[in-house]
Amino acid sequence: MSKSTLNNLTTIFGLAAGVANFLGSIRVINHTVAGTIGGFATAMLGYLVQQPAAGEQPQTLQP
């Protein structure tokens, strides 16, 4: 994926997690639904931030 695509997707999933948390906290949506949406969005965000952009080398940990 290109860096631009990764940036856009991480922004979308980050916003989804934040909005779900906010709406759950003010009881616009059920806490369980908010937690499910937030958890899924956070998991996807965690996966995406580990992906190297197209043309970039994956980073390795140095001892």
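See the structure above.
Residues numbered from 1 in each chain as written. Predicted model: local features only at pLDDT ≥ 70, side-chain atom pairs only at ≥ 80, totals over all residues. Heavy atoms only, no water.

Chemist: I'm lost on the overall build of the protein chain in this one. Help?
Modeler: Looking only at helices and strands, the protein chain features 2 helices and 0 strands. Radius of gyration (C-alpha) of the protein chain: 15 Å, far over the 11 Å computed for a compact globule of 63 residues. Referenced to the eigenvectors of the C-alpha coordinate spread, the extents of the protein chain come out at roughly 45 × 30 × 10 Å. Residues classed as buried in the protein chain amount to 17% of the 63 residues present. Counting only contacts in the protein chain whose residues sit at least 6 apart along the sequence, the fraction spanning at least 24 positions is 68%. For the protein chain, the exposed surface amounts to about 4800 Å²; the carbon and sulfur share of it is 62%. (Helix = DSSP H or I, 4+ residues; strand = E, 2+ residues; numbered from the N terminus. Rg over C-alpha atoms; globule rule 2.2 N^0.38 Å. Buried < 20%, exposed > 50% of the residue type's maximum accessible area, 1.4 Å probe, protein only. Contact = heavy atoms within 4.5 Å. Areas by Shrake-Rupley, 256 points an atom, 1.4 Å probe, with all protein chains shown as cover.)

Chemist: What am I meant to see in the packing of aromatic side chains here?
Modeler: Geometry of an aromatic ring pair is reported as the spacing of the ring centres plus the angle between the planes. Under the criterion given, the structure shown has 1 aromatic pair. The interplanar angle of 75 degrees and the centroid separation of 6.5 Å between the aromatic rings of Phe-13 and Phe-40 together place this pair among those described as edge-to-face. Taken together, the residues span a long stretch of sequence, with Phe-13 in helix α1 (residues 3-25) and Phe-40 in helix α2 (residues 31-49) at a distance of 27 residues. (Phe/Tyr/Trp six-rings, centres within 6.5 Å; stacked < 30°, edge-to-face > 60°.)

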